[in-house]
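Chain by chain, the residues run as shown.
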Amino acid sequence: MATIHSNLSAYDKAEVPSGEGKKISIVVAEWNAEITENLFDGAFQTLIDCGVAASDITRTNVPGSFELVYGARKALEKDVDAVIVIGSVIQGQTKHFDFVCHGVTQGITALNLEGKAPVIFCVLTDNTLQQAQDRSGGKHGNKGVEAAVAALKMAVL
Ligand code: DLZ
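Scope of this entry: the structure provided in the associated data block.

What counts, and where the lines are drawn
Residues numbered from 1 in each chain as written. Predicted model: local features only at pLDDT ≥ 70, side-chain atom pairs only at ≥ 80, totals over all residues. Heavy atoms only, no water. Buried < 20%, exposed > 50% of the residue type's maximum accessible area, 1.4 Å probe, protein only. Helix = DSSP H or I, 4+ residues; strand = E, 2+ residues; numbered from the N terminus. Pairing = 2+ DSSP bridges. Phe/Tyr/Trp six-rings, centres within 6.5 Å; stacked < 30°, edge-to-face > 60°. Lys NZ or Arg CZ within 6 Å of the ring centre and 35° of its normal. Contact = heavy atoms within 4.5 Å. Polar contact = N/O pair within 3.5 Å; in protein donor to acceptor, adjacent residues only side chain to side chain.

### Describing the pairing of strand β4 (residues 119-126)
- The buried fraction of β4 amounts to 6 of the 8 residues, a majority that puts the element mostly inside the structure.
- In terms of strand pairing, strand β3 (residues 82-90) meets β4 through 8 bridges, oriented parallel. Across the sheet, the residue bridging to isoleucine 84 is isoleucine 120, located in β4.

### Side note on the packing of aromatic side chains
- Applying the stated rule across the entire model yields 1 aromatic pair.
- For the cation-ring pair, arginine 59 lies above phenylalanine 40, with the distance from its terminal atom to the ring centre recorded as 4.4 Å.

### Topic: the environment of lysine 116
- Checked against the element boundaries, lysine 116 lands in the loop between α3 (96-114) and β4.
- Linking lysine 116 and valine 80, residues 36 residues apart in sequence, is a C-alpha distance of 9.0 Å.
- Leaving out residues up to four positions away in the same chain, lysine 116 has contacts with Leu76, Glu77 and Lys78.
- Among the polar contacts listed, one links the side chain of lysine 116 to the backbone oxygen of leucine 76, at a separation of 2.4 Å.

Here it is, written out as structure tokens:
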């Protein structure tokens, strides 16, 4: 799982299914907005680069990563080919980190098991703000880019 020493955000467009006609919903947590906005930009630009029409991308904001599950559940009620949830949870002094991470991962897994449309997990779970910055447009790339590629690949399954 470690991304140290690598930038995984470079993709070969020839190997990514075309996004033409695909409807993608992106749910963005407002907590740690400095990080989540960069992740959103990476995902949005990649979807456009791969042929998704801007008008076929919808964005919904939720307060924090814990609310991403409900946001994704509502997004799945609409006509979408994939949902991307974007969040950034950063370790603090309390156990809140563990509960938020556990809640969102379990919730998104449950939604994927429903099988209506894929829900792509773009939630950074870092020990420090620096680690989050490194993965949201820094030296380890932008996980939003990877999430967009994953969404297009999963949308054609
Ligand atoms: C409360 C909380 C804390 C402490 N830390 C984060 C975080 O690092 N990242 C994040 O996305 N959200 C955090 N939250 C907010 C929770 O996700 C949630 O919004 C609140 O507990 C309200 O349900």
